[in-house]
Amino acid sequence: MARSGIGLDRRSFLTTAGRAAATLAAPNILRWSATLTASGAALLPASVRAHADEALLQPPEIRSRNGILDATISAAPGRVQLGEYAFPGFLYNGAYSPPLLRARVGDTMRITFQNNLPDDPSNLHYHGLSVSPQGRSDNVFVHVHPGQEFQYEVRIPAKGRQGPGLFWYHPHAHGVVAKQILGGMSGALVIDGFEQLFPIVDGLPERFLLIKHAEPNDDSEIISINGQLNPTVRIRPGEVQFWRIANIGATLFVKMRIADMPLYVLATDGHPLSRPRRVGELFLGPGERVDAIAIGPPAGEYAMATVPFQNEAWKKPDPAQQLATIVSAGPRAASANLEAEVLRQRVVGERWIDEVRNARIARPRTFDYSRTPDRHVFMINGRVMDENRVDETVNLGDTEEWTVINTDQQYHSFHIHQTAFLVTEVNGMPQNDDSLHDTFSIPPATDAGPGVLKVVIPFTDPVIVGRFVYHCHAVDHEDKGMMGIVEVVA
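A short note on the sheet that holds strand S30 (residues 439-442)
Working definition: the strands of a sheet are paired by backbone hydrogen bonds and lie parallel or antiparallel to each other. Across the sheet, 5 strands lie side by side as S25-S33-S32-S27-S30; this open sheet has mixed pairing. The sheet is open, and its two edges are formed by strand S25 (392-395) and S30, each paired on a single side. On average, each strand axis in the sheet is inclined to that of its neighbour by 25°, with strand direction left out of account. In this structure, strand S27 (residues 412-416) lies alongside S30, joined through 4 bridges in antiparallel fashion. Looking at the pairing, phenylalanine 414 lines up with phenylalanine 440 of S30.

As structure tokens, then:
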């Protein structure tokens, strides 16, 4: 998995949080050379296999009532316990798996954010929401200093571009984002009503699989789901479940698969496809999400594991790691040919993507991602982030085509706040994407040339007028400068 140029951030994380006690001599329980069975299931050391008996837990929830989501989110140092590994971290409400926030379109989120961290400013960003970037809304230029609190009031428009889907929240104070997310500060955010888009999910068992990673020392990386190591996800043969999978980690690019068990993707980054898409693998950069249907396979155990891939040209791919164990057991739950029934589903209603596809391009722009040889400074168009500078000015109502060029020999990503985008080309190959994204991974440069991503971005929703940012969502790169400011003007 990727830990792209994050040596300094790892040391910063350890220095700020304090080192784990010397008595914690737990082995590096997840860095292992995987052995695969004939079916592709990963064989784990006994110390890790023991965790497979632990059922997947769902995060606690805070729901809106009468149109208001009222919550307090407090950031503070805390002890993280992942299986046999313990280390100091940074937590929301004292939990590595903090509350899942649930609202609906038309609601207002009134969130009191308390910064009880000892040294650094922080704030909250509501990743993926098409809401105002100004004032007390999704304003990443607000810095809440230690010992202070801030009252957010985020209005989710009843009409507009924001619909139901899976999103998340995390800190966005430039310069300290990586160590705060690595410490544990991130949580899921759902805009309810997805059953209106795909009625098939109404009443299905809902499972959140929230992926985080931690790096408590220079030799280990721990990947967890809902704050658990290799938990058991139970399903009956033929049972249909609604899985909501999110990479809410800091810098992790993860390719993953379930041996002999496909998934049927319904949405990417909270935006619906026109129909379910059967996939055998998922590639999720930091911040990316999918909503999917899972169908219980024949009785047995199935390994959900990472798939090694080349991220950084100067490093060997990290070995496979088992993320969860899918246990299919019990009486068969449904009739035959369920896959065909799932694939027959069609989204209900109009989709934003159709408007974006048909829009006239008002202006093209090009952005070069680069870094210094020592990987201490990351740049866009040769400049580092400056909160007092507007890099791009866009007229409200325009749709633009942005080309992002990755000159680095490692994965980066493109994320923009307040609006989604349509991916049209990757490395010169046209993409026939069936849904929108708010975050997308850009392939590394190779001897054949740079990695190139081309996207179409609608700046058409009046609610997004104001200043907000675009950046690489491997957030150590963002902290080191790979971020810019766009201002939408009416």
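Description of the sheet that holds strand S14 (residues 232-235)
Strand order in the open sheet made by the 5 strands is S14-S22-S21-S16-S19, with mixed pairing throughout. Both edges of this open sheet fall to S14 and strand S19 (282-284), since each of them pairs with a single strand only. Neighbour-to-neighbour, the strand axes of the sheet open up by a mean angle of 20°, direction not taken into account.

Some points on the side chain of serine 441
Following the sequence through the fold, serine 441 ends up in strand S30. Looking at serine 441, its side chain comes within polar contact range of the side chain of glutamate 288, at 2.8 Å. Those residues in contact with serine 441 that sit more than four places away from it in its chain are Phe253, Phe283, Gly285, Glu288, Tyr411, His412 and Ser413.

Re the packing of aromatic side chains
This model, assessed by the stated rule, comprises 15 aromatic pairs. Both rings, one in phenylalanine 150 and one in tyrosine 152, keep their centres 4.8 Å apart while their planes meet at 70°; by these two values the pair is edge-to-face. Under the relative-accessibility criterion, tyrosine 152 is labelled buried at 1%. Aromatic rings pair up to connect Phe367, Trp402, Phe414, Phe421, Phe459 and Tyr470 into one cluster. The positively charged end of lysine 212 is found above the aromatic ring belonging to tyrosine 96, 4.7 Å away from the centroid.

Observations concerning the confidence of the model for the protein
On average, residues of the protein score 89 in pLDDT, and 89% of them are at 70 or above. Every residue in residues 1-51 scores below 50 in pLDDT, and together they form 130 contacts with partners more than four places removed in sequence or on other chains.

Section: the pattern of salt bridges
Within this structure, the stated rule accounts for 23 salt bridges. A salt bridge links arginine 155 to glutamate 153; its shortest N-O distance comes to 2.8 Å. Between arginine 289 and aspartate 269 there is a salt bridge; the shortest N-O distance is 3.5 Å. Taken together, the residues span a long stretch of sequence, with arginine 289 in strand S20 (residues 289-295) and aspartate 269 in the loop between strand S17 (263-268) and strand S18 (271-279) at a distance of 20 residues. Taken individually, arginine 289 and aspartate 269 each receive the classification buried, so the pair is uniform in this respect. One network of salt bridges, with partners in common, ties together Glu61, Arg63, Arg102, Asp192, Glu206, Arg244 and Asp291.

Cut-offs applied
Here the residue numbers are simple positions, counted from 1 along each chain's written sequence. Owing to the predicted nature of the model, reporting of local features is limited to residues with pLDDT of at least 70; listing and counting of side-chain atom pairs is limited to 80 or more, with chain, interface and lining totals taken over all residues. Hydrogens and water are ignored here; the side-chain numbers use all heavy atoms of the structure. Think of it this way: DSSP has to see at least two bridges between two strands before they count as a pair. Under the scheme used here, helices are H or I runs from DSSP no shorter than 4 residues and strands are E runs no shorter than 2 residues, and both carry numbers assigned from the N terminus. In this analysis, axes come from line fits to C-alpha atoms, helices being fitted only over the stretch in contact, and the angle between any two N-to-C directions falls in the range 0 to 180 degrees. Throughout this description, a polar contact denotes any pair of N or O atoms lying within 3.5 Å of each other; where both atoms belong to protein, one of them has to be capable of donating a hydrogen while the other can accept it, and for residues adjacent in sequence the pair is counted only when both atoms sit in side chains. We call two residues contacting when some pair of their heavy atoms lies within 4.5 Å. Centre distance within 6.5 Å is the pairing criterion for rings of Phe, Tyr and Trp, where only the six-membered ring of Trp is used; planes under 30 degrees apart are then read as stacked, over 60 as edge-to-face, and the remainder as tilted. Categorising residues by exposure relies on relative accessible area from a 1.4 Å probe, with only protein chains included: less than 20% of the type maximum marks a residue as buried, more than 50% marks it as exposed, and the intermediate range marks it as partly exposed. In this analysis the charged atom, NZ for Lys or CZ for Arg, is taken to sit over a ring once it is within 6 Å of the ring centre and within 35 degrees of the ring normal. The predictor reports its confidence for every residue as pLDDT, a score running from 0 up to 100. Every case where a carboxyl oxygen of Asp or Glu lies within 4 Å of a side-chain nitrogen of Lys or Arg is listed as a salt bridge.

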